[in-house]
Amino acid sequence: MDITKYILTLCTYIIMIIPLHNWNTDLPDIVYEQEFEFVRNKIIIPVEVQAREYRFILDTGATNLFSTDLAKEIEYSILSNQDVSDANNVTHALPLISLEGMRISDYSPGTQKGFIVDFSTNKALSCFRIDGIVGSVFFRNCILQIDFQSKMIRVASNRKDLGLKRKMGLDMYVDPQQNSPVIWIEIGNKNKGRDQVLIDSGMDGFYEMSVKSSGIFKSNGIVEIIESSSGSATIGLFGDGEPVRQKRFMAQDISLDDIKFSQVIAETTIDNNPRIGVDLLQYGRVSFDWINGKFYFDLMKSVEDYEAFTWPMSPTIKGDHFLVGTIWDDSLNQTISNGDTIIAIDGTYVTSENLCSFIYRESLFSERDSLSFIIKDTVGQKHELVIHKRKYA
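Residues numbered from 1 in each chain as written. Predicted model: local features only at pLDDT ≥ 70, side-chain atom pairs only at ≥ 80, totals over all residues. Heavy atoms only, no water.

Under the defined criterion, the tally for this structure stands at 17 salt bridges. One salt bridge connects Arg 103 with Glu 48, and the closest N-O pair in it is separated by 3.6 Å. Note that Arg 103 is positioned in strand β8 (residues 102–103) and Glu 48 in strand β3 (residues 42–49), a separation of 55 residues in sequence. In this structure Arg 103 comes out as partly exposed when scored by relative accessible area, which is 26%. (Salt bridge = Lys/Arg side-chain N within 4 Å of Asp/Glu carboxyl O. Helix = DSSP H or I, 4+ residues; strand = E, 2+ residues; numbered from the N terminus. Buried < 20%, exposed > 50% of the residue type's maximum accessible area, 1.4 Å probe, protein only.)

Structure, rendered in structure tokens:
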């Protein structure tokens, strides 16, 4: 887990009134390939819209989203305005549109629907300089494979063309609204339980647990609480949310069929949708078979490489400011509070001009064991402190 995951989790899982179904069912028996960039835990791919190439995030936990700038350059039809809610349960009315001419590589599933969103109001999203988000609905009538080893996505209609054996796949269920993939995972060691989770390529981190599931698992000795706090650190589609009570749990084991990860740190989600995030996807080649309802996970990296650690404070972004989001260590509450401004990290001052560089920096929080901060509280007083990473052997 990473201290900056709270800034970057898109959490675009959208609640909407009408389904987004409109697919072309004729797909040739070939494999389409497209290279992707992996930028700060986001899969970024080129998407062609009406003969021009744009920059999109691939997010299996989202529906199709188009920036207001992109909308100025393409032709589309407005179907209606819909109230949509992000992962912080913040709701806005957005225009639902229909458009033609959207493709990845040479794969084009026909008419697409999605929402127009002003990404410029979300600093975490605008730093990625994206034109949109392509969601699971785009791949409804195919098999999508994400291969981190080769930084390639593949689209096919026949599992054999991707080397997939049906008996090796897990049953995959589909959210009826936006086609998001859902599977069952097993949690625990001596005491065990199961959780039905969304496989969300747009979520940073490994696993987020719903409040309901966490209560059941804790009462049955399947997970243990290691930390709790109140704060606001998750950035949803419409920005940061209100402070909420959150908990961190330790799951001794999390298993996908016969593949087991040990000592996984999980946190409670703001909404009711437990998720597996992009950290899992980096350990193998994953395939989503929407045609046959199967999910495949081919391990490419040793699970022994997984390291569980946490930081005692999680930052967030509000406007052009880097703020204290969630405080997990009670001893820090004597010095800093939720909403205080982070002025500098390890001697580098945070400004509106370099804020995106902090979001992009990979190694600062993952490789360091401690970090120094200068933080200004709400009355203007500055505090210097050092926080330390907590590792779980």
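Following the structure, the description resumes.
All chains considered together, the criterion is met by 11 aromatic pairs. Taking 4.9 Å as the distance between ring centres and 90° as the angle between the ring planes, the aromatic pair formed by Phe 38 and Phe 148 counts as edge-to-face. In this pair, Phe 38 is assigned in strand β2 (residues 37–39) and Phe 148 in the loop between β11 (143–147) and β12 (152–156), connecting sequence segments 110 residues apart. Under the relative-accessibility criterion, Phe 38 is labelled partly exposed at 23%. When its relative accessible area of 6% is taken as the criterion, Phe 148 is described as buried. Between Phe 261 and Tyr 283, the ring centres sit 5.2 Å apart and the planes meet at 80°, which makes this aromatic pair edge-to-face. Here Phe 261 is found in strand β22 (residues 259–268), whereas its partner Tyr 283 is found in the loop between α5 (278–281) and β24 (284–289), with 22 residues between them in sequence. In terms of burial, Phe 261 and Tyr 283 fall into one category: buried. (Phe/Tyr/Trp six-rings, centres within 6.5 Å; stacked < 30°, edge-to-face > 60°.)

Moving on to the pairing of strand β7 (residues 91–99). Across eight bridges, strand β6 (residues 77–85) lies against β7 in antiparallel orientation. From the neighbouring strand, Val 84 faces β7, where its bridge partner is His 92. Pairing of β7 with strand β9 (residues 112–117) involves four bridges; the strand directions are antiparallel. Bridge assignment links Ile 97 to a residue of β9, and that residue is Gly 114. (Pairing = 2+ DSSP bridges.)

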